[in-house]
Each structure stands twice: as structure tokens, then as C-alpha cells.
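Residues per chain are reported as follows:
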Amino acid sequence: MKKHVWRPLFVVLSLVIFILLFRLAYVPADFGAQERGYTFGFHRLGNEQEWKDYPAKYKNSSYCNECHDDKVKSLKASAHAIIPCENCHGAALGHPDKPEKLTVDRSRGQCLRCHAKLYMPSSGRNNIPGIDPEQHNPGTACAECHNPHNPSLEEM
Amino acid sequence: MKRRDFLKNTAVFVSGASLSLSTLEFLDPRELLASQPSLRWGFLVNTYKCVGCGFCVKACKIENDIPLEANVTRTWVERYVMTKSGETIRDCPQGALNGYTSKLLDENASGMRAVPDEEVAQAFFVPKLCNHCSTPACVQVCPVGATYQTADGAVLVDRKWCIGCGYCIMGCPYGVRFFHPVERVADKCTFCYHRISKGGNTACAQACPFGARQIGNLRDPNDPVAKAVLKERVGVLRSEYGTKPNVYYIGLNEEVR
């Protein structure tokens, strides 16, 4: 057969070889079907470790207790004992090195998350003492009267 | 060969050949259990305990570097109000990042709506997050193998491999996926894989003061989540899609979608 008939075949073959070589170089060795099979587990295995190494921002209250045990102790005696420290004091991250000081959320909105009175039967919200934010000293920071670590006014 | 022998031999041969060797194998249930991975992450949400404070949403966003002001979130809390006339109203302002501080229901384009207390039959909060389904629809539609399920059941996205086509965002029946405004890839709840794989708790469950959220190992019969899933009356969202979700809800109403 004449040469010009074969020529397109060579072009196609070299294209296929080029694509295969490119794939070999581009796709990492750990890419493929893993434990969950082709349908659900077709991925780069190294990414699982990348997610495991993602930096955590939140510690937990027992971490706070290592230095601030007096504060944690006083909080644990109050009705707010169930609230983790970092919910108001911010994520500990690298504290105490970086940041040296955490920014405390003392805003009215922070208290209203739970203490704005809503009518929610069939929800735990109804068991929490609440106020109408528009009637109860609007514009005033809650912390001016209530101690967040011991919120009951009688005991203050 | 006599006819009697022929028939006899045929009967023996046919009955023997129809029994495969595996039929005679003794199946040990312990062996069967062992062939499954001993770890399968599952999540339990108690809707009675949720008060809609939104601390979980805030903690999740900070923990996983989702911009606070962006209108996307890996987890959110919905408010359901059912009236005595049978109407179901659902709202979720900003994914409940700042909790629920007003009685007014956010009806989006039609504005805020007030429902008098005496008309309310039921009202409660439902936290939502990725269900880390056993047969996730979002994973099947990924054309490049960027989203996948780990052996312990977490559905993750490979940020280096994702091309941002958005098929998975469309494919998820629960709408838990979104386009990450900074990373420019599809993003979703990871069950805080970086925390739970080191023995920690998820950021949302840790931030919840009321214990409405719990993560656990569904394969461990002594795990509190596994126990609740076995013993309590739990429900899952949209089971009709066949995705087999692994986030279980205590106190799930039919109206919750």
C-alpha cells in the first residue's frame, strides 16, 4: 500500500503515545481505585493525609484549664458551665505564643444567640431563660450587668 | 451399564454438581464482621437539644477557613415553624451563623414574617451537615476522581485535583456542597477529618453547649452514637434517594426536608 495511506495512522499512533506518556508524567503514582473501589474510591491516596494534616484552630476547654484553671473552675460552678471557653474567647490556635491574647466576643449578639426569647415548643430553646431584645435594655452590652461566668443577678 | 446403575449415577452426579463448594463452607459471623473495616464515621443530631445558637456554624467556619461573611457554609441550622393551620415555614438566615435572635421568620424575597405564638403548633431547629453517605451521589458524578470516600467513610475533596466543574454540587441531594470562594474548588464538610483522625471531636460538636451534635464510630457497639442509632428512634434525611446517609436525627419530622 502507498505511504500516504499509512501516514495518518502514524500520526494517530504518535498522538496516543504522547497522551499516554503525558498521563504517566502528570498523574501521581498513588492515584487510582482505593479501598472503596472505582465508583467511590477513585482518587489520589496522598490527599487523605493532606486532609489529616489540616491545621486545627480549636483546642478545647481542658487545654484552657492548663493555665486558667481558676477561671475554668468558676465557670464550671455556674449555669454557663456547658459553654466551651472558645465559643466566646475565640479559637485558641497557637495561643499563648501566637496570638498572645485572644479577642473575647462580649457583644450583645453573642448572648442573644441563646437568650433572645423565641417561642419554640418541641425544642430545648424554650427551657432557656430569655428576654425580648427590643424591650430589655436595648443597646446596652449584657456584660455591664451580668457576669458571663456567673450570669445569675442574685448571686453577683 | 444397567439402566438402574445409569439412573443412580446420574442422580448422584447431578445433585453433586449442583452443589458448589462454597455452599458447604461454614460462614463465621465474626469473620464476616472482620472483613468490614472496624471504623465507619457516623453522626448523630438530637433536634430536641438544639436551641439554634449557631455556635456550631461559627466554629465550623473558623476551623475550616470558610470566610465568615461569604454566603456559603459547611453546616447550618434551619428553623422549622409549623402552624396550627398545617403550614410549614422554614428559614435559615446566613446559615444561622449568628444564631436566631428574632421571632420574625426570614421569607427571603417576600420579607420578614411574624407568626403569633398562639398559632404555632410545633417549632424546632434542625442542624444540617454532609451526610457522608454510604453510596454518595456526589462522588459518582465527579469526572476527574477529585472527590472520593475514604475507607472509614468520610467523603472528601482533593483540592489539588478538583477542576471546579460543579457536577458534585448539583449531584448532592442535600445541597451540602458549595464552591469555595477562596480555594476556587468544590468544598464540603469533612467531618473535621483532621480532628477526628487524631482522636479529637469535630469543631461543631465541640462547640455545641447542649450536646445536640455527636460524632462516633458506627461499627463500635459501645460507641454512644452507634448505640443510639441501634436503640433510639432515629431517622435520616431523604432516604428515597438511596444514598444511605450516615447522619442520624433524633426527633425528625416528616416535614423536614
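Summary of the structure given here. Keep in mind that this is a model prediction, so the values were computed, not measured.

## Quick notes on the overall build of chain A
Here is step 1 of the chain: Secondary structure summary: chain A contains seven helices and two strands in total.
Here is step 2 of the chain: Of the regular secondary structure in chain A, the N- to C-terminal order runs α-β-α-β-α-α-α-α-α.
Here is step 3 of the chain: On C-alpha atoms alone, chain A measures out to a radius of gyration of 30 Å, which is more than a quarter above the 15 Å that the 2.2 N^0.38 rule sets for 156 residues.
Here is step 4 of the chain: When its C-alpha atoms are laid out on the principal axes, chain A stretches across 105 × 40 × 30 Å.
Here is step 5 of the chain: Buried positions account for 28% of the 156 residues belonging to chain A.
Here is step 6 of the chain: Pairs at least 24 residues apart make up 32% of the contacts formed inside chain A by residues separated by at least 6 positions.

## A short note on the sheet that holds strand β2 (residues 76–83) of chain B
Residue and element names in this part refer to chain B.
Here is step 1 of the chain: Spatial strand order, β3-β2-β6: three strands in an open sheet with antiparallel pairing. Lying at the two open borders of the sheet, with one neighbouring strand each, are β3 (88–91) and β6 (120–128). Sheet twist, expressed as the mean angle between neighbouring strand axes with direction ignored, is 20 degrees.
Here is step 2 of the chain: Across four bridges, β2 lies against β3 in antiparallel orientation. Considered in β3, the bridge of V81 is made with I89.

## Things to note about the environment of G164(B)
Here is step 1 of the chain: Looking at where G164(B) falls in the secondary structure, it is placed in the loop between β8 (155–157) and α6 (167–171).
Here is step 2 of the chain: The spacing of G164(B) and V225(B) is 61 residues in sequence and 34 Å in space, taken between C-alpha atoms.

## Focus on the side chain of N87(A)
Here is step 1 of the chain: Within the secondary structure layout, N87(A) lies in helix α6 (residues 85–89).
Here is step 2 of the chain: Residue classification places N87(A) among the buried positions, given a relative accessible area of 6%.
Here is step 3 of the chain: Of note is the side chain of N87(A), whose polar atom sits 2.8 Å from the backbone oxygen of A207(B).
Here is step 4 of the chain: N87(A) has contacts with Q110(A), F55(B), K58(B), A207(B) and P209(B), leaving out every residue within four places of it along the chain.

## Topic: the pairing of β6(B)
All names here are of chain B.
Here is step 1 of the chain: Taken across its nine residues, β6 has seven buried, putting it largely inside the fold.
Here is step 2 of the chain: Pairing of β2 with β6 involves eight bridges; the strand directions are antiparallel. Considered in β6, the bridge of V81 is made with A123.

## Thoughts on the sheet that holds strand β1 (residues 41–46) of chain B
Residue and element names in this part refer to chain B.
Here is step 1 of the chain: One open sheet holds the four strands; their spatial order is β11-β1-β13-β12, and the pairing between them is mixed. Looking along the sheet, the strands with just one partner apiece sit at the ends: β11 (213–217) and β12 (234–235).
Here is step 2 of the chain: Strands in contact with helix α9 (residues 224–231) are β1, β11, β12 and β13 (247–250); relative to β11, the strand with the most contacts, it is inclined by about 95 degrees.

## Quick word on the interface of chain A and chain B
Here is step 1 of the chain: Contact with chain A, which involves 48 residues of that partner, is made by 57 residues of chain B.
Here is step 2 of the chain: Between chain A and chain B, a total of about 4400 Å² is buried, with carbon and sulfur atoms accounting for 58% of that surface.
Here is step 3 of the chain: The largest per-residue losses of area from chain A upon contact with chain B belong to F40(A), W51(A) and R113(A), which jointly make up 19% of the total buried on that side.
Here is step 4 of the chain: On the surface where chain A and chain B come into contact, there are four salt bridges.
Here is step 5 of the chain: With a shortest N-O distance of 2.9 Å, D158(B) and R44(A) are connected by a salt bridge.
Here is step 6 of the chain: Contributing elements (two or more residues each) for the side of chain A that touches chain B: α2 (37–41), β2 (42–44), α3 (46–52), α6 and α7 (108–115) of chain A.
Here is step 7 of the chain: The element best represented in the side of chain A that touches chain B is α3(A), accounting for five residues.

## Overview of unusual backbone geometry
Here is step 1 of the chain: P96(A) follows H95(A) through a cis peptide bond whose omega is 15 degrees.
Here is step 2 of the chain: Here P96(A) is to be found in the loop between α6 and α7.
Here is step 3 of the chain: P99(A) follows K98(A) through a cis peptide bond whose omega is 5 degrees.
Here is step 4 of the chain: Position of P99(A) relative to the elements: it lies in the loop between α6 and α7.
Here is step 5 of the chain: Backbone geometry at Q94(B) places phi at a positive 55 degrees, although glycine is not the residue there.
Here is step 6 of the chain: The phi dihedral of F191(B) is positive, around 60 degrees, even though this residue is not glycine.
Here is step 7 of the chain: Note on placement: F191(B) falls in the loop between β10 (186–187) and α7 (193–196).
Here is step 8 of the chain: Owing to a relative accessible area of 2%, F191(B) belongs among the buried residues under this scheme.

The rules behind these values
- Residues numbered from 1 in each chain as written.
- Chains lettered and ligands numbered in written order.
- Predicted model: local features only at pLDDT ≥ 70, side-chain atom pairs only at ≥ 80, totals over all residues.
- Heavy atoms only, no water.
- Helix = DSSP H or I, 4+ residues; strand = E, 2+ residues; numbered from the N terminus.
- Rg over C-alpha atoms; globule rule 2.2 N^0.38 Å.
- Buried < 20%, exposed > 50% of the residue type's maximum accessible area, 1.4 Å probe, protein only.
- Contact = heavy atoms within 4.5 Å.
- Pairing = 2+ DSSP bridges.
- Axes fitted to C-alpha atoms, helices over the stretch in contact; angles between N-to-C directions.
- Polar contact = N/O pair within 3.5 Å; in protein donor to acceptor, adjacent residues only side chain to side chain.
- Buried area = accessible area lost by both parts, 1.4 Å probe.
- Salt bridge = Lys/Arg side-chain N within 4 Å of Asp/Glu carboxyl O.

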